[in-house]
Amino acid sequence: MALTATVHRLEISLSDVDRGCYEQLDVRVARHPSESGRYFWLRVLAYCLCYEEDLAFSKGGLSDADEPPLSVRDASTGVLRCWIDVGAPSAERLHRASKAAERVVLFTTMERSLLEREAASRKIHALEEIEVNLVGTDLVERLEARLAKHLRFELVRNGSVLYVTVDGAVLEGAITEIRLGARA
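Quantities reported herein were computed from a predicted structural model and do not represent experimental measurements.

(A) Representation of the packing of helix α1 (residues 37–49) against helix α4 (residues 137–144) within the structure. The N-to-C vectors of α1 and α4 enclose an angle of 105°; their axes lie 9 Å apart at closest approach. Here α4 runs roughly perpendicular to α1, going by the angle between their axes. Facing α1, whose interface residues are Gly37, Arg38, Trp41, Leu42 and Leu45, α4 presents Thr137, Val140, Glu141, Leu143 and Glu144. Per-class residue counts for the contact of α1 with α4 are five nonpolar, two polar and three charged.

Structure representation (structure tokens):
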């Protein structure tokens, strides 16, 4: 018998000071049995920090390797406006993403040097335009320990710091935006 996805209900109070985005979100996120807690939380953080009206989780989830975990499509034409990836995509996947969408955003806990080495392994279209968000591993690990089917939390982004208040505890972690191919 095949295992089915677990649906998590997330009630999120989002305050992204950098973008001036203040929203109350009530989302259902399906988690495939093979999906790690780390990957799940990166998807959720990416959803929050890229939130806009037409943002959607992929329909195929982990089983559809050709689709981004999150995307924004033009409501009237269906054109892919933003490809949002999570984790450690290959250089080939980043190349395909930057050819398919106007904007590519990546959320990862990978070390910058490893990410840059992967990016250098092959030519990537518009590499310097890919927005990379390095999320502190310690924050994701602490969030992973609090994963539940129903969560209510507050997420605040102010500069290069994320604050997540869940179950009365304030978890703090770094987020750094870089551009691959750009000189540090």
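(B) The arrangement of the environment of arginine 179 in detail. Relative to the helices and strands, arginine 179 resides in strand β10 (residues 169–179). Distance in space between the C-alpha atoms of arginine 179 and valine 132 is 6.0 Å, their sequence separation being 47 residues. For arginine 179, the residues in contact, after removing those within four places along its chain, are Arg112, Glu128, Glu129, Ile130 and Glu131. Among the polar contacts made by the side chain of arginine 179, one reaches the main-chain carbonyl oxygen of glutamate 129 at a distance of 2.9 Å.

(C) Main features of the side chain of histidine 95. Of note, histidine 95 is situated in helix α2 (residues 91–100). Apart from the residues lying within four places of it in its own chain, the contact partners of histidine 95 are Arg122, Lys123, Ile124 and His125.

(D) Highlighting the packing of aromatic side chains. Under the criterion given, the structure shown has four aromatic pairs. Ring geometry for phenylalanine 40 and tryptophan 41: centres 6.0 Å apart, planes at 85°, overall edge-to-face. Using a relative accessible area of 0% as the deciding quantity, one classes phenylalanine 40 as buried. When its relative accessible area of 2% is taken as the criterion, tryptophan 41 is described as buried. Ring centres of tyrosine 47 and phenylalanine 57 lie 4.9 Å apart, and the angle between their planes is 10°; this geometry places the pair in the stacked category. With tyrosine 47 in helix α1 and phenylalanine 57 in strand β3 (residues 55–57), the pair connects residues that are 10 residues apart, well separated along the chain. Its relative accessible area of 10% is what places tyrosine 47 among the buried residues.

(E) Highlighting the nonpolar core. Among the nonpolar cores identified, the biggest contains 39 residues, and Leu10, Ile84, Phe107, Phe153 and Leu155 are the most heavily contacted of them. The element best represented in this core is α1, accounting for nine residues. Trp83, Leu94, Ala97 and Ile178 belong to the second-largest nonpolar core, a separate cluster that totals 17 residues.

(F) Summary view of the pairing of strand β7 (residues 131–135). Along β7, five of the five residues are buried, which leaves the element largely enclosed by surrounding structure. Side chains Glu131, Asn133 and Val135 project from β7 onto one buried face, and the interleaved Val132 and Leu134 project onto a second face that is buried too. Judged from the four bridges that link them, strand β6 (residues 103–108) and β7 form a sheet pairing that is parallel. Pairing of leucine 106 across the sheet is with valine 132, part of β7. You can see the chain leave β6, run along helix α3 (residues 112–120) and come back into β7, and the turn it takes is right-handed. In this structure, β7 lies alongside β10, joined through five bridges in antiparallel fashion. Each residue of the ladder has a partner; that of valine 132, found in β10, is isoleucine 178.

Reading the values: rules and limits
- Residues numbered from 1 in each chain as written.
- Predicted model: local features only at pLDDT ≥ 70, side-chain atom pairs only at ≥ 80, totals over all residues.
- Heavy atoms only, no water.
- Axes fitted to C-alpha atoms, helices over the stretch in contact; angles between N-to-C directions.
- Helix = DSSP H or I, 4+ residues; strand = E, 2+ residues; numbered from the N terminus.
- Parallel < 35°, antiparallel > 145°, perpendicular 65-115°, else oblique.
- Contact = heavy atoms within 4.5 Å.
- Nonpolar A, V, L, I, M, F, W, Y, C, P; charged D, E, K, R; others polar.
- Polar contact = N/O pair within 3.5 Å; in protein donor to acceptor, adjacent residues only side chain to side chain.
- Phe/Tyr/Trp six-rings, centres within 6.5 Å; stacked < 30°, edge-to-face > 60°.
- Buried < 20%, exposed > 50% of the residue type's maximum accessible area, 1.4 Å probe, protein only.
- Core = buried A, V, L, I, M, F, W, Y, C linked by side-chain atoms within 4.5 Å.
- Pairing = 2+ DSSP bridges.
- Right-handed = clockwise from strand over helix to strand, strands pointing away.

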